[in-house]
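If you want the building blocks of each chain, they are given just below.
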Amino acid sequence: MNKKIISLIIAIIVIAVGVSIWLISSNKDNNNLNSNANINENNDIANAEENTADTEISSRKKIAIIYFSATGTTRKVAEYIKELTAGDLIEIVPKEKYTDSDLNYSNSDSRATREQNNSSARPEIANNIDADSYDVIFLGYPIWWGNAPRIILTFLDNHDLNGKTLIPFCTSGSSGISTSENYFKNNYKNINWLDGKRLEVSQSEVTAWVNSLNY
Ligand SMILES: Cc1cc2nc3c(=O)[nH]c(=O)nc-3n(C[C@H](O)[C@H](O)[C@H](O)COP(=O)(O)O)c2cc1C
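Residues numbered from 1 in each chain as written. Predicted model: local features only at pLDDT ≥ 70, side-chain atom pairs only at ≥ 80, totals over all residues.

Asks: Looking at this structure, I do not really get the overall build of the protein. What am I missing?
Replies: The helix and strand tally for the protein stands at six helices and six strands. Across the protein, helices and strands are ordered from the amino to the carboxyl terminus as α-β-α-β-α-β-α-β-α-β-β-α. By residue count, 20% of the 215 residues in the protein fall in the buried class. Restricting the contact set of the protein to residue pairs at least 6 apart, pairs at least 24 apart contribute 74%. (Helix = DSSP H or I, 4+ residues; strand = E, 2+ residues; numbered from the N terminus. Buried ≥ 20, exposed ≤ 12 C-beta atoms within 10 Å, placed from the backbone. Contact = placed C-beta atoms within 7 Å.)

Structure, rendered in structure tokens:
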């Protein structure tokens, strides 16, 4: 073989090896770029998911439905509200249960009538109600002589509800909520009162009302 041919073969081998090395290294760079891009993309998705979770946590408020019900009507409405809001249902249980004769509004000397006629009456509550951990409290009661039963005032007097949002609701034979609602707004001014409503035991009425609230 002459010298020229040998030099040519060597030159071709050198070029081929060079090109191969270049191709391998540029492929490696591309892989690195791609994997970096994937890592960045994954980080972005993780960050976005974390931000969404934070927003959901901050907008999720703790809700309670705290109610007194002597004969079960207000309880049914309270249960509907619980289903709609996924809040905690808490009953205000009187230390001394109201008997039928206690509730006899035809008798001017019945226990309920006497309590309603005495603005400082505060019937005792039997159970320990933890209102502290809630941001929003639906407060339910029957109307007694046009107003909220005094045991509701026992609850309001004995808990620090400063800055919390309270939403009154009531059931009644026919009387509205305004007398009791105005009493709350005028006498417990440190509470953020939303407008309340007298409700029938009607799932559709309760649903429409709860959905209309902005709390
Ligand atoms: C002592 C007493 C007084 C009442 N006063 C009124 C009243 O002033 N206006 C009215 O519409 N209903 C009045 N009611 C009817 C109740 O508000 C009504 O039956 C209510 O839905 C009962 O709720 P509960 O079952 O949760 O206790 C009175 C009931 C009682 C026992």
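And the narrative resumes.
Asks: Explanation requested: the pairing of strand E1 (residues 63-67) in the structure shown.
Replies: The side chains of a regular strand alternate, first on one face of the sheet and then on the other. Most of E1 sits inside the fold, with five of its five residues counted as buried. By the alternation rule, side chains of E1 split into Ile 63, Ile 65 and Tyr 67 and Ala 64 and Ile 66, which are all buried. Sheet topology note: the E1/strand E3 (residues 136-142) ladder contains five bridges and is parallel. For Ile 63, the partnering residue across the bridge sits in E3 and is Val 136. Where E1 and strand E2 (residues 88-91) come together, four bridges link them in parallel fashion. (Pairing = 2+ DSSP bridges.)

Asks: In this structure, what is going on with the site of the ligand? I would like to understand it.
Replies: Around the ligand, 19 residues are found, and the nearest of them are Ser 69, Thr 73, Thr 74, Pro 142 and Gly 173. Of the residues that constitute the shell around the ligand, the class distribution is eight nonpolar, eleven polar and no charged. (Near = placed C-beta within 6 Å. Nonpolar A, V, L, I, M, F, W, Y, C, P; charged D, E, K, R; others polar.)

Asks: Hey, could you run me through helix H4 (residues 150-157) in this one?
Replies: Structurally, the α-helix is built with 3.6 residues per turn, so residues lying three or four positions apart point the same way. Within the sequence span of H4, burial applies to Ile 151, Ile 152, Leu 153 and Phe 155. Where the residues of H4 are buried, they touch E1 and E3.

Asks: I'm lost on the packing of helix H2 (residues 73-85) against helix H6 (residues 203-212) in this one. Help?
Replies: In a pair of packed helices, the angle between the axes and the distance between the axes together describe the arrangement. Where H2 meets H6, the closest approach of the two axes is 10 Å, and the angle between their N-to-C directions is 50°. With respect to each other, H2 and H6 are oriented oblique. As for the relative orientation of H2 and H6, their crossing is right-handed in sense. Mapping the contact onto sequence places Val 77, Tyr 80, Ile 81, Leu 84 and Thr 85 in H2 and Gln 203, Val 206, Thr 207 and Val 210 in H6. (Axes fitted to C-alpha atoms, helices over the stretch in contact; angles between N-to-C directions. Parallel < 35°, antiparallel > 145°, perpendicular 65-115°, else oblique. Left-handed = near helix turned anticlockwise from the far one by under 90°.)

Asks: It is not clear to me how the nonpolar core should be interpreted in this structure. Could you clarify?
Replies: Note on soluble globular proteins: their nonpolar side chains tend to be buried together. With 31 residues, the main nonpolar core has Ile 66 and Ile 152 as its most contacted residues. For this core, the secondary structure elements donating two or more residues are E1, H2, E3, H4 and strand E4 (165-171). If one sorts the elements of this core by residue count, E1 sits on top with five residues. (Core = buried A, V, L, I, M, F, W, Y, C linked by C-beta atoms within 7 Å.)

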